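This is what each chain is made of:
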Amino acid sequence: SMQQEVQQVPYNDAPDALRRRFALLQHRATRDAGPMPEETTPELLHDPALNARSFYSSVNGEIASYAAVVRKTIAHGEQVFDMAGLSCVATDPDFRARGLGLRTVAAATRWIEQSPIDLGVFTCDPPLAYFYARAGAWSVVNDVVLIGSRDDGALRSDLLGKAVLMRLFSAKARAAAPTLSHTVIDLDLPVGHFL
């Protein structure tokens, strides 16, 4: 079949029908995880404040693979950084092992590289770290703990057993590398939210 380009759309501007297809793919990809929690609107994958950009691959009109880039500003040490992370990365079980996930994550990562983003950081299950290294040169940083916030009940990468993946994109972030290692990075997200 023809290699198709990875398509992209600002999530907040995507038509409802397309957002529903993204949500359906998430559900199909994680169906072992059981039904979606009741309090989640299935149509809304991303908090509008995170200005998500959706990347997706289609096969014969079906959305086969998805990755979103979410963005926010975070304070760390004495500095403020524009941060991006990957979110809701998924491939439909019917379309796995075709390299679609790699292509989709590679496109999302290239977009971050070309954006005025200082650093990229997000978490994954440790066995998936190799996939992200291949798809976007993401490195595991074992000395960094990611926390959703400093509030009670906030999610933490270490307690969740997640690998933290990070890349420093801007000169500012690279200059701040010492403060971005052996540290806790606070994403300042609402309780229950994480990257």
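Here, every reference points to the structure presented above.
Residues numbered from 1 in each chain as written. Predicted model: local features only at pLDDT ≥ 70, side-chain atom pairs only at ≥ 80, totals over all residues. Heavy atoms only, no water.

Draft legend 1. Main features of the sheet that holds strand 6 (residues 139–140). With mixed pairing, seven strands are arranged side by side in an open sheet as 1-2-3-4-5-8-6. On the outer flanks of this sheet lie strand 1 (7–10) and strand 6, each paired with one strand and no other. (Pairing = 2+ DSSP bridges. Helix = DSSP H or I, 4+ residues; strand = E, 2+ residues; numbered from the N terminus.)

Draft legend 2. Examining the nonpolar core more closely. Leu86 and Ile112 are the most contacted members of the largest nonpolar core, which has 51 residues in total. The element best represented in this core is strand 3 (residues 62–76), accounting for seven residues. Once residues within four sequence positions are removed from consideration, Leu86 is found in contact with Ala68, Val69, Val105, Ala108, Thr109, Ile112, Phe122, Tyr132, Trp138 and Leu195. (Core = buried A, V, L, I, M, F, W, Y, C linked by side-chain atoms within 4.5 Å. Buried < 20%, exposed > 50% of the residue type's maximum accessible area, 1.4 Å probe, protein only. Contact = heavy atoms within 4.5 Å.)

Draft legend 3. Representation of the pairing of strand 7 (residues 144–147) in the model. Across the two faces of strand 7 the burial is the same, with Val144 and Leu146 and Val145 and Ile147 all buried. Here strand 7 pairs with strand 9 (residues 183–186) via four bridges, running parallel. Its bridge partner lying in strand 9, Ile147 is registered against Asp186.

Draft legend 4. Here's a closer look at the pairing of strand 2 (residues 53–59). In terms of burial, strand 2 is a largely internal element, seven of the seven residues being buried. Side chains Arg53, Phe55, Ser57 and Val59 project from strand 2 onto one buried face, and the interleaved Ser54, Tyr56 and Ser58 project onto a second face that is buried too. Where strand 1 lies against strand 2, four bridges are found, and the strand directions are antiparallel. Looking at strand 2, one finds that Gln8 is bridged to Phe55.

Draft legend 5. Local environment of the packing of helix 2 (residues 100–113) against helix 3 (residues 129–136). The N-to-C vectors of helix 2 and helix 3 enclose an angle of 60°; their axes lie 8 Å apart at closest approach. One element, helix 2, and the other, helix 3, form an angle in the oblique class. At the point where helix 2 passes helix 3, the crossing takes the right-handed sense. In this structure, helix 2 uses Gly101, Leu102, Val105, Ala106 and Thr109 to contact helix 3, whose residues at the interface are Phe131, Tyr132, Arg134, Ala135 and Gly136. Residues belonging to the contact of helix 2 with helix 3 are distributed by class as follows: six nonpolar, three polar and one charged. (Axes fitted to C-alpha atoms, helices over the stretch in contact; angles between N-to-C directions. Parallel < 35°, antiparallel > 145°, perpendicular 65-115°, else oblique. Left-handed = near helix turned anticlockwise from the far one by under 90°. Nonpolar A, V, L, I, M, F, W, Y, C, P; charged D, E, K, R; others polar.)

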